[in-house]
Amino acid sequence: MIEQEIDITIIGAGVSGLILANEITERTSKKVLLLEKKKKFKFDKNLCYWSVPRNSLTDYADNRWSTICVLINKDRIVYQTKGIEYLRIKSSNFYNYFLKKLNKRKNFKLLLGHSINSVKSLDDEVIIDTGRKEIKSKICFDSRIENNYSKNQLLQHFFGVEIIFKNKVSNNVLTLMDIQNNKKAFNFFYILPMSKNKIFIESTYFSKNFFKKEKYKNDLNKYLLKNYSGNEYKIKFDEFGVIPMYELRNLDSKNHIKIGTAGNWVKQSTGYSLQNAFENSKQIVDCIIEGKTPKIKKKYFFTFLDKTFCKFLINNPEDGILFFDNFFRKNKLKTIVNFLTNTASLLELAKIIISLPKFKLIKTAIMRK
Ligand SMILES: Cc1cc2nc3c(=O)[nH]c(=O)nc-3n(C[C@H](O)[C@H](O)[C@H](O)COP(=O)(O)OP(=O)(O)OC[C@H]3O[C@@H](n4cnc5c(N)ncnc54)[C@H](O)[C@@H]3O)c2cc1C
(Lines give C-alpha, C1' and ligand atoms only; values in the text may rest on other atoms or scores of the structure.)
Protein backbone atom coordinates (compact mmCIF):
# COMPACT_ATOMS: atom_id res chain seq x y z
CA MET A 1 0.00 0.00 0.00
CA ILE A 2 1.49 3.35 -0.94
CA GLU A 3 0.92 6.27 1.38
CA GLN A 4 -0.79 8.45 -1.27
CA GLU A 5 -3.67 5.99 -1.35
CA ILE A 6 -4.65 6.00 2.31
CA ASP A 7 -8.33 6.34 3.13
CA ILE A 8 -8.13 6.19 6.90
CA THR A 9 -5.28 6.91 9.30
CA ILE A 10 -5.44 5.75 12.91
CA ILE A 11 -3.07 7.24 15.46
CA GLY A 12 -2.11 4.84 18.24
CA ALA A 13 -1.97 1.05 18.03
CA GLY A 14 -3.40 0.57 21.52
CA VAL A 15 -6.72 -0.86 22.58
CA SER A 16 -9.01 1.42 20.57
CA GLY A 17 -6.70 1.78 17.55
CA LEU A 18 -6.27 -1.96 17.05
CA ILE A 19 -9.93 -2.84 17.59
CA LEU A 20 -11.02 -0.10 15.18
CA ALA A 21 -8.37 -1.00 12.55
CA ASN A 22 -9.52 -4.61 12.71
CA GLU A 23 -13.21 -3.70 12.34
CA ILE A 24 -12.57 -1.38 9.36
CA THR A 25 -10.25 -3.69 7.43
CA GLU A 26 -12.43 -6.73 8.10
CA ARG A 27 -15.68 -5.15 6.94
CA THR A 28 -14.56 -2.70 4.23
CA SER A 29 -11.89 -2.39 1.56
CA LYS A 30 -10.77 1.02 2.89
CA LYS A 31 -7.01 1.37 3.08
CA VAL A 32 -5.97 1.87 6.70
CA LEU A 33 -2.64 3.19 7.99
CA LEU A 34 -1.96 2.70 11.71
CA LEU A 35 0.71 4.96 13.21
CA GLU A 36 2.26 4.09 16.55
CA LYS A 37 4.98 5.87 18.52
CA LYS A 38 6.21 2.70 20.26
CA LYS A 39 8.92 0.70 18.51
CA LYS A 40 7.59 -2.64 19.71
CA PHE A 41 4.68 -4.17 21.58
CA LYS A 42 5.14 -5.65 25.02
CA PHE A 43 3.17 -6.76 28.07
CA ASP A 44 2.30 -3.39 29.65
CA LYS A 45 -1.06 -4.02 31.31
CA ASN A 46 -3.71 -6.55 32.21
CA LEU A 47 -6.94 -6.06 30.31
CA CYS A 48 -10.10 -7.33 31.95
CA TYR A 49 -13.67 -7.55 30.71
CA TRP A 50 -16.88 -9.42 31.38
CA SER A 51 -17.89 -12.49 29.40
CA VAL A 52 -21.16 -10.74 28.50
CA PRO A 53 -21.87 -9.17 26.08
CA ARG A 54 -19.59 -11.35 23.96
CA ASN A 55 -16.80 -9.83 21.86
CA SER A 56 -14.12 -11.35 19.66
CA LEU A 57 -11.82 -11.81 22.68
CA THR A 58 -14.35 -13.66 24.84
CA ASP A 59 -12.87 -17.04 23.93
CA TYR A 60 -9.23 -15.87 24.00
CA ALA A 61 -8.90 -14.83 27.64
CA ASP A 62 -5.81 -15.95 29.54
CA ASN A 63 -7.82 -16.27 32.77
CA ARG A 64 -11.52 -16.67 33.58
CA TRP A 65 -13.19 -16.41 36.97
CA SER A 66 -16.73 -17.54 37.71
CA THR A 67 -16.65 -16.85 41.46
CA ILE A 68 -16.40 -13.17 42.22
CA CYS A 69 -16.34 -11.48 45.61
CA VAL A 70 -16.54 -8.00 47.08
CA LEU A 71 -15.33 -7.30 50.63
CA ILE A 72 -16.91 -4.45 52.56
CA ASN A 73 -16.51 -3.81 56.28
CA LYS A 74 -15.06 -7.32 56.75
CA ASP A 75 -18.17 -8.80 55.13
CA ARG A 76 -17.76 -10.94 52.02
CA ILE A 77 -20.37 -10.79 49.25
CA VAL A 78 -19.88 -13.73 46.90
CA TYR A 79 -21.41 -14.01 43.44
CA GLN A 80 -21.64 -17.06 41.24
CA THR A 81 -23.96 -16.66 38.28
CA LYS A 82 -24.18 -19.16 35.47
CA GLY A 83 -22.96 -17.64 32.20
CA ILE A 84 -21.16 -14.67 33.79
CA GLU A 85 -17.39 -14.72 34.09
CA TYR A 86 -14.73 -12.08 34.60
CA LEU A 87 -11.96 -12.39 32.01
CA ARG A 88 -8.38 -11.19 31.70
CA ILE A 89 -6.04 -11.04 28.73
CA LYS A 90 -2.37 -10.00 28.90
CA SER A 91 -1.99 -6.86 26.79
CA SER A 92 0.81 -8.58 24.80
CA ASN A 93 -1.65 -11.33 23.81
CA PHE A 94 -4.26 -8.69 22.98
CA TYR A 95 -1.80 -6.90 20.63
CA ASN A 96 -0.70 -10.19 19.04
CA TYR A 97 -4.28 -11.33 18.50
CA PHE A 98 -5.11 -8.23 16.44
CA LEU A 99 -1.72 -7.83 14.71
CA LYS A 100 -1.87 -11.42 13.47
CA LYS A 101 -5.23 -10.74 11.81
CA LEU A 102 -4.30 -7.26 10.53
CA ASN A 103 -0.93 -8.21 9.05
CA LYS A 104 -2.68 -10.68 6.72
CA ARG A 105 -4.83 -7.94 5.15
CA LYS A 106 -3.78 -6.11 1.99
CA ASN A 107 -5.65 -2.95 3.00
CA PHE A 108 -3.65 -2.52 6.23
CA LYS A 109 -0.26 -1.03 7.04
CA LEU A 110 1.38 -0.39 10.43
CA LEU A 111 4.22 2.05 10.98
CA LEU A 112 5.95 1.74 14.36
CA GLY A 113 8.21 4.41 15.84
CA HIS A 114 6.06 7.20 14.41
CA SER A 115 5.18 9.79 17.04
CA ILE A 116 2.59 12.18 15.64
CA ASN A 117 2.99 15.86 16.40
CA SER A 118 -0.03 17.42 14.79
CA VAL A 119 -3.07 16.76 12.67
CA LYS A 120 -4.51 19.46 10.42
CA SER A 121 -8.12 19.04 9.43
CA LEU A 122 -9.04 20.55 6.03
CA ASP A 123 -12.34 20.42 4.15
CA ASP A 124 -11.78 17.16 2.32
CA GLU A 125 -8.66 15.67 3.93
CA VAL A 126 -6.45 15.61 6.99
CA ILE A 127 -2.70 16.20 7.02
CA ILE A 128 -0.77 14.28 9.63
CA ASP A 129 2.69 15.47 10.60
CA THR A 130 4.91 12.56 11.68
CA GLY A 131 7.96 14.75 12.23
CA ARG A 132 9.60 12.99 9.26
CA LYS A 133 6.94 13.54 6.62
CA GLU A 134 3.36 14.65 6.06
CA ILE A 135 0.74 11.99 5.44
CA LYS A 136 -2.59 12.80 3.80
CA SER A 137 -5.73 10.83 4.42
CA LYS A 138 -9.49 11.27 4.15
CA ILE A 139 -10.23 10.59 7.83
CA CYS A 140 -8.04 10.38 10.90
CA PHE A 141 -9.02 8.55 14.10
CA ASP A 142 -6.79 9.71 16.90
CA SER A 143 -6.15 8.11 20.30
CA ARG A 144 -3.64 10.69 21.57
CA ILE A 145 -4.67 12.44 24.77
CA GLU A 146 -4.21 16.17 24.25
CA ASN A 147 -3.64 17.65 27.68
CA ASN A 148 -2.87 16.58 31.19
CA TYR A 149 -5.91 15.55 33.17
CA SER A 150 -7.68 18.53 34.68
CA LYS A 151 -7.55 19.34 38.37
CA ASN A 152 -10.64 19.08 40.54
CA GLN A 153 -12.09 16.16 38.63
CA LEU A 154 -12.39 12.55 39.70
CA LEU A 155 -9.61 10.16 38.62
CA GLN A 156 -9.23 6.44 38.97
CA HIS A 157 -5.58 5.84 39.83
CA PHE A 158 -3.86 2.61 40.73
CA PHE A 159 -0.63 0.68 41.01
CA GLY A 160 -0.63 -3.09 40.80
CA VAL A 161 1.91 -5.90 40.99
CA GLU A 162 2.03 -9.49 39.86
CA ILE A 163 3.39 -11.60 42.72
CA ILE A 164 4.70 -15.15 42.90
CA PHE A 165 4.54 -16.65 46.40
CA LYS A 166 6.62 -19.52 47.69
CA ASN A 167 3.53 -21.35 49.02
CA LYS A 168 -0.02 -21.76 47.73
CA VAL A 169 -2.25 -18.71 48.30
CA SER A 170 -5.10 -18.67 45.95
CA ASN A 171 -8.48 -20.39 45.59
CA ASN A 172 -9.44 -18.91 42.23
CA VAL A 173 -11.96 -16.45 43.68
CA LEU A 174 -11.63 -13.02 42.12
CA THR A 175 -11.73 -10.04 44.50
CA LEU A 176 -13.30 -7.24 42.52
CA MET A 177 -13.04 -4.84 45.45
CA ASP A 178 -11.73 -5.15 48.99
CA ILE A 179 -12.94 -1.77 50.14
CA GLN A 180 -10.79 -0.02 52.74
CA ASN A 181 -12.03 2.11 55.57
CA ASN A 182 -10.43 5.29 54.26
CA LYS A 183 -12.40 8.45 54.96
CA LYS A 184 -10.24 10.80 52.84
CA ALA A 185 -10.28 9.00 49.50
CA PHE A 186 -12.16 6.00 48.27
CA ASN A 187 -9.65 3.13 48.19
CA PHE A 188 -9.87 -0.58 47.45
CA PHE A 189 -7.69 -3.56 46.57
CA TYR A 190 -8.36 -5.57 43.43
CA ILE A 191 -6.98 -9.12 43.39
CA LEU A 192 -6.79 -11.48 40.41
CA PRO A 193 -5.71 -15.00 41.34
CA MET A 194 -3.58 -16.19 38.40
CA SER A 195 -2.54 -19.65 39.60
CA LYS A 196 -2.13 -21.46 42.92
CA ASN A 197 0.79 -19.30 44.03
CA LYS A 198 0.46 -16.26 41.77
CA ILE A 199 -1.78 -13.20 42.11
CA PHE A 200 -2.11 -9.76 40.61
CA ILE A 201 -2.97 -7.19 43.28
CA GLU A 202 -3.68 -3.51 42.85
CA SER A 203 -4.33 -0.58 45.21
CA THR A 204 -6.92 1.64 43.50
CA TYR A 205 -8.27 5.06 44.43
CA PHE A 206 -11.13 7.20 43.16
CA SER A 207 -10.06 10.74 44.06
CA LYS A 208 -9.01 14.09 42.58
CA ASN A 209 -5.25 13.62 42.76
CA PHE A 210 -3.00 10.73 42.09
CA PHE A 211 0.04 9.94 44.25
CA LYS A 212 3.70 9.09 43.95
CA LYS A 213 4.19 5.36 43.35
CA GLU A 214 5.64 4.95 46.87
CA LYS A 215 2.20 5.55 48.37
CA TYR A 216 0.57 2.65 46.48
CA LYS A 217 3.60 0.45 47.20
CA ASN A 218 3.19 1.15 50.92
CA ASP A 219 -0.50 0.24 50.69
CA LEU A 220 0.39 -3.03 48.98
CA ASN A 221 3.14 -3.88 51.50
CA LYS A 222 0.76 -3.32 54.42
CA TYR A 223 -1.98 -5.37 52.78
CA LEU A 224 0.37 -8.23 51.96
CA LEU A 225 1.78 -8.24 55.50
CA LYS A 226 -1.73 -8.38 56.95
CA ASN A 227 -3.18 -10.98 54.60
CA TYR A 228 -0.28 -13.11 53.36
CA SER A 229 2.19 -12.86 56.24
CA GLY A 230 4.97 -15.44 56.44
CA ASN A 231 4.72 -16.38 52.77
CA GLU A 232 7.81 -15.26 50.83
CA TYR A 233 7.16 -13.64 47.47
CA LYS A 234 8.76 -12.07 44.41
CA ILE A 235 7.31 -9.24 42.30
CA LYS A 236 7.25 -10.09 38.59
CA PHE A 237 5.45 -7.21 36.87
CA ASP A 238 3.90 -3.89 37.79
CA GLU A 239 1.43 -1.50 36.20
CA PHE A 240 0.40 2.05 37.01
CA GLY A 241 -2.61 3.85 35.63
CA VAL A 242 -4.52 7.12 35.84
CA ILE A 243 -7.90 7.13 34.13
CA PRO A 244 -10.26 10.13 33.91
CA MET A 245 -13.68 9.57 35.50
CA TYR A 246 -15.13 12.60 33.70
CA GLU A 247 -15.77 13.72 30.14
CA LEU A 248 -12.65 14.95 28.33
CA ARG A 249 -13.15 17.93 26.08
CA ASN A 250 -12.31 17.31 22.48
CA LEU A 251 -12.67 19.24 19.29
CA ASP A 252 -13.66 16.56 16.81
CA SER A 253 -14.23 17.66 13.25
CA LYS A 254 -15.94 15.55 10.59
CA ASN A 255 -12.61 14.03 9.48
CA HIS A 256 -10.49 14.17 12.67
CA ILE A 257 -12.15 12.11 15.36
CA LYS A 258 -10.86 11.18 18.80
CA ILE A 259 -11.12 7.55 19.89
CA GLY A 260 -10.35 5.52 23.03
CA THR A 261 -9.77 7.35 26.31
CA ALA A 262 -9.28 10.58 24.33
CA GLY A 263 -12.69 10.09 22.68
CA ASN A 264 -14.45 9.38 25.99
CA TRP A 265 -14.78 5.67 25.29
CA VAL A 266 -13.98 4.94 28.94
CA LYS A 267 -17.07 4.39 31.06
CA GLN A 268 -16.79 7.19 33.58
CA SER A 269 -17.89 5.28 36.65
CA THR A 270 -15.66 2.24 36.07
CA GLY A 271 -12.59 3.27 34.04
CA TYR A 272 -13.20 0.36 31.62
CA SER A 273 -13.15 0.93 27.86
CA LEU A 274 -12.57 -2.43 26.22
CA GLN A 275 -16.24 -3.29 25.76
CA ASN A 276 -17.01 0.21 24.44
CA ALA A 277 -14.11 -0.06 21.99
CA PHE A 278 -15.81 -3.05 20.32
CA GLU A 279 -19.26 -1.43 20.31
CA ASN A 280 -18.05 2.01 19.15
CA SER A 281 -15.82 0.57 16.41
CA LYS A 282 -18.79 -1.34 15.07
CA GLN A 283 -20.89 1.85 14.98
CA ILE A 284 -18.09 3.79 13.25
CA VAL A 285 -17.80 1.14 10.54
CA ASP A 286 -21.59 1.03 10.10
CA CYS A 287 -21.40 4.79 9.35
CA ILE A 288 -18.45 4.35 6.96
CA ILE A 289 -20.32 1.65 5.04
CA GLU A 290 -23.39 3.88 4.81
CA GLY A 291 -21.24 6.81 3.63
CA LYS A 292 -22.08 8.90 6.72
CA THR A 293 -19.81 10.92 9.01
CA PRO A 294 -18.72 8.51 11.77
CA LYS A 295 -20.75 9.11 14.91
CA ILE A 296 -21.31 7.14 18.08
CA LYS A 297 -24.80 7.00 19.55
CA LYS A 298 -24.81 8.66 22.94
CA LYS A 299 -26.29 6.70 25.83
CA TYR A 300 -27.51 9.77 27.68
CA PHE A 301 -29.06 8.06 30.68
CA PHE A 302 -25.98 5.90 31.34
CA THR A 303 -23.76 8.97 31.02
CA PHE A 304 -26.02 10.93 33.37
CA LEU A 305 -25.88 8.14 35.97
CA ASP A 306 -22.10 7.75 35.60
CA LYS A 307 -21.65 11.50 36.07
CA THR A 308 -23.96 11.56 39.09
CA PHE A 309 -22.19 8.58 40.72
CA CYS A 310 -18.76 10.18 40.16
CA LYS A 311 -20.01 13.54 41.47
CA PHE A 312 -21.41 11.71 44.51
CA LEU A 313 -18.01 10.14 45.21
CA ILE A 314 -16.10 13.37 44.75
CA ASN A 315 -18.46 15.32 47.04
CA ASN A 316 -19.01 12.57 49.61
CA PRO A 317 -15.84 10.43 49.80
CA GLU A 318 -16.86 9.35 53.31
CA ASP A 319 -20.04 7.78 51.86
CA GLY A 320 -18.20 5.73 49.22
CA ILE A 321 -18.37 2.59 51.37
CA LEU A 322 -22.12 3.00 51.96
CA PHE A 323 -22.65 3.57 48.23
CA PHE A 324 -20.82 0.40 47.17
CA ASP A 325 -22.24 -1.61 50.06
CA ASN A 326 -25.75 -0.89 48.75
CA PHE A 327 -24.75 -1.30 45.13
CA PHE A 328 -23.25 -4.76 45.62
CA ARG A 329 -25.42 -6.13 48.42
CA LYS A 330 -28.78 -5.19 46.95
CA ASN A 331 -28.25 -6.10 43.30
CA LYS A 332 -27.76 -9.36 41.46
CA LEU A 333 -24.50 -9.91 39.55
CA LYS A 334 -26.41 -9.90 36.26
CA THR A 335 -27.86 -6.43 36.99
CA ILE A 336 -24.45 -5.16 38.13
CA VAL A 337 -22.68 -6.45 35.02
CA ASN A 338 -25.38 -5.07 32.74
CA PHE A 339 -24.90 -1.67 34.35
CA LEU A 340 -21.10 -1.89 34.11
CA THR A 341 -21.31 -2.78 30.42
CA ASN A 342 -24.01 -0.22 29.56
CA THR A 343 -26.49 -2.93 28.62
CA ALA A 344 -28.91 -2.65 31.56
CA SER A 345 -32.62 -2.29 30.88
CA LEU A 346 -34.62 0.61 32.33
CA LEU A 347 -36.00 -1.72 34.98
CA GLU A 348 -32.48 -2.80 35.98
CA LEU A 349 -31.34 0.83 36.12
CA ALA A 350 -34.33 1.68 38.31
CA LYS A 351 -33.44 -1.22 40.64
CA ILE A 352 -29.88 0.10 40.93
CA ILE A 353 -31.00 3.65 41.68
CA ILE A 354 -33.49 2.46 44.31
CA SER A 355 -30.75 0.41 45.98
CA LEU A 356 -28.45 3.43 46.47
CA PRO A 357 -28.53 6.28 49.04
CA LYS A 358 -31.34 8.04 47.16
CA PHE A 359 -31.63 11.42 48.88
CA LYS A 360 -27.93 12.22 48.64
CA LEU A 361 -27.92 10.99 45.04
CA ILE A 362 -30.86 13.20 44.06
CA LYS A 363 -29.18 16.16 45.78
CA THR A 364 -25.99 15.36 43.86
CA ALA A 365 -27.85 15.03 40.55
CA ILE A 366 -29.44 18.48 40.86
CA MET A 367 -26.32 20.23 42.17
CA ARG A 368 -24.37 22.12 39.52
CA LYS A 369 -20.95 21.08 40.86
C1 LIG B 1 -2.70 0.17 33.46
C2 LIG B 1 -4.10 0.21 32.89
C3 LIG B 1 -4.92 -0.91 33.01
C4 LIG B 1 -6.22 -0.88 32.45
N5 LIG B 1 -7.01 -1.99 32.55
C6 LIG B 1 -8.21 -2.00 31.93
C7 LIG B 1 -9.02 -3.17 31.96
O8 LIG B 1 -8.66 -4.16 32.59
N9 LIG B 1 -10.20 -3.18 31.28
C10 LIG B 1 -10.63 -2.06 30.58
O11 LIG B 1 -11.68 -2.11 29.92
N12 LIG B 1 -9.90 -0.93 30.59
C13 LIG B 1 -8.72 -0.88 31.25
N14 LIG B 1 -7.97 0.28 31.23
C15 LIG B 1 -8.56 1.50 30.66
C16 LIG B 1 -8.50 1.57 29.14
O17 LIG B 1 -9.26 0.52 28.60
C18 LIG B 1 -7.11 1.46 28.61
O19 LIG B 1 -6.37 2.56 29.05
C20 LIG B 1 -7.05 1.41 27.08
O21 LIG B 1 -5.73 1.07 26.74
C22 LIG B 1 -7.47 2.71 26.43
O23 LIG B 1 -7.34 2.58 25.04
P24 LIG B 1 -6.72 3.72 24.14
O25 LIG B 1 -6.68 3.19 22.77
O26 LIG B 1 -7.41 4.99 24.41
O27 LIG B 1 -5.24 3.94 24.71
P28 LIG B 1 -4.00 3.00 24.59
O29 LIG B 1 -4.39 1.58 24.63
O30 LIG B 1 -3.04 3.48 25.62
O31 LIG B 1 -3.44 3.31 23.14
C32 LIG B 1 -2.92 4.56 22.75
C33 LIG B 1 -1.76 4.29 21.83
O34 LIG B 1 -1.37 5.50 21.24
C35 LIG B 1 0.04 5.58 21.21
N36 LIG B 1 0.41 6.99 21.12
C37 LIG B 1 0.30 7.92 22.08
N38 LIG B 1 0.74 9.12 21.62
C39 LIG B 1 1.09 8.93 20.33
C40 LIG B 1 1.62 9.78 19.32
N41 LIG B 1 1.86 11.08 19.53
N42 LIG B 1 1.87 9.25 18.09
C43 LIG B 1 1.62 7.93 17.83
N44 LIG B 1 1.15 7.07 18.77
C45 LIG B 1 0.88 7.58 19.99
C46 LIG B 1 0.47 4.90 22.50
O47 LIG B 1 1.80 4.45 22.46
C48 LIG B 1 -0.54 3.75 22.58
O49 LIG B 1 -0.06 2.59 21.96
C50 LIG B 1 -6.69 0.28 31.79
C51 LIG B 1 -5.85 1.40 31.73
C52 LIG B 1 -4.58 1.38 32.27
C53 LIG B 1 -3.73 2.62 32.17
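Residues numbered from 1 in each chain as written. Predicted model: local features only at pLDDT ≥ 70, side-chain atom pairs only at ≥ 80, totals over all residues. Heavy atoms only, no water.

A look at the pattern of salt bridges
No. 1: Counted according to the given criterion, the structure contains 21 salt bridges.
No. 2: A salt bridge links Arg64 to Glu85; its shortest N-O distance comes to 3.1 Å. Taken as a pair, Arg64 in strand 4 (residues 63–65) and Glu85 in the loop between strand 6 (75–80) and strand 7 (86–90) lie far apart in primary sequence, 21 residues in all.
No. 3: Accessibility expressed as a relative area gives 33% for Arg64, which makes it partly exposed.
No. 4: A residue is classified by how much of its surface remains accessible, and Glu85, at 23% relative accessible area, is partly exposed. (Salt bridge = Lys/Arg side-chain N within 4 Å of Asp/Glu carboxyl O. Helix = DSSP H or I, 4+ residues; strand = E, 2+ residues; numbered from the N terminus. Buried < 20%, exposed > 50% of the residue type's maximum accessible area, 1.4 Å probe, protein only.)

Topic: the domain arrangement of the protein chain
No. 1: Entries for the protein chain in the domain assignment read domain 1 (3–65 + 90–145 + 250–290), domain 2 (155–244) and domain 3 (300–366).
No. 2: The C-alpha centroid of domain 3 is placed 25 Å from the C-alpha centroid of domain 2.
No. 3: On the side of domain 3, eight residues touch domain 2, which itself brings 10 residues to the contact.
No. 4: Taking both sides of the interface into account, the surface hidden between domain 2 and domain 3 amounts to around 760 Å²; carbon and sulfur atoms contribute 84%.
No. 5: Our count for the domain 2 to domain 3 interface comes out at zero residue pairs in polar contact (both at pLDDT 80 or more).
No. 6: Among the elements that line the side of domain 2 that touches domain 3, the one with the most residues is strand 14 (residues 174–179), at three residues.
No. 7: Here the residues of the side of domain 2 that touches domain 3 are counted per class, giving five nonpolar, two polar and three charged. (Domains from an automatic or database assignment. Contact = heavy atoms within 4.5 Å. Buried area = accessible area lost by both parts, 1.4 Å probe. Polar contact = N/O pair within 3.5 Å; in protein donor to acceptor, adjacent residues only side chain to side chain. Nonpolar A, V, L, I, M, F, W, Y, C, P; charged D, E, K, R; others polar.)

Brief notes about the sheet that holds strand 6
No. 1: Judged by pairing direction, the sheet is mixed, and its seven strands sit side by side in the order 6-5-14-15-16-13-17 without closing on themselves. Sheet topology places strand 6 and strand 17 (233–244) at the edges, where each strand pairs with a single neighbour. When strand polarity is set aside, the average angle formed by the axes of neighbouring strands in this sheet is 15°.
No. 2: The pairing of strand 5 (residues 67–72) with strand 14 spans four bridges and is classified as parallel. (Pairing = 2+ DSSP bridges. Axes fitted to C-alpha atoms, helices over the stretch in contact; angles between N-to-C directions.)

What to know about the site of the ligand
No. 1: Not every one of the 30 residues close to the ligand is listed here, only the nearest: Ser16, Glu36, Cys48, Thr261 and Ser273.
No. 2: A distance of 3.2 Å is found between a nitrogen atom of the ligand and a backbone nitrogen or oxygen belonging to Lys37.
No. 3: When the ligand sits alone it has 960 Å² of accessible area, and the protein chains cover 86% of it.
No. 4: For the shell around the ligand, the elements supplying multiple residues, two or more each, are helix 1 (15–27), strand 3 (46–50) and strand 17.
No. 5: In terms of residue count, the dominant contributor to the shell around the ligand is strand 17 (four residues).
No. 6: A class-by-class count of the residues in the shell around the ligand yields 12 nonpolar, 12 polar and six charged.
No. 7: Shared between two domains, the shell around the ligand holds at least three residues of each, these being domain 1 (3–65 + 90–145 + 250–290) and domain 2 (155–244). (Near = heavy atom within 4 Å. Areas by Shrake-Rupley, 256 points an atom, 1.4 Å probe, with all protein chains shown as cover.)

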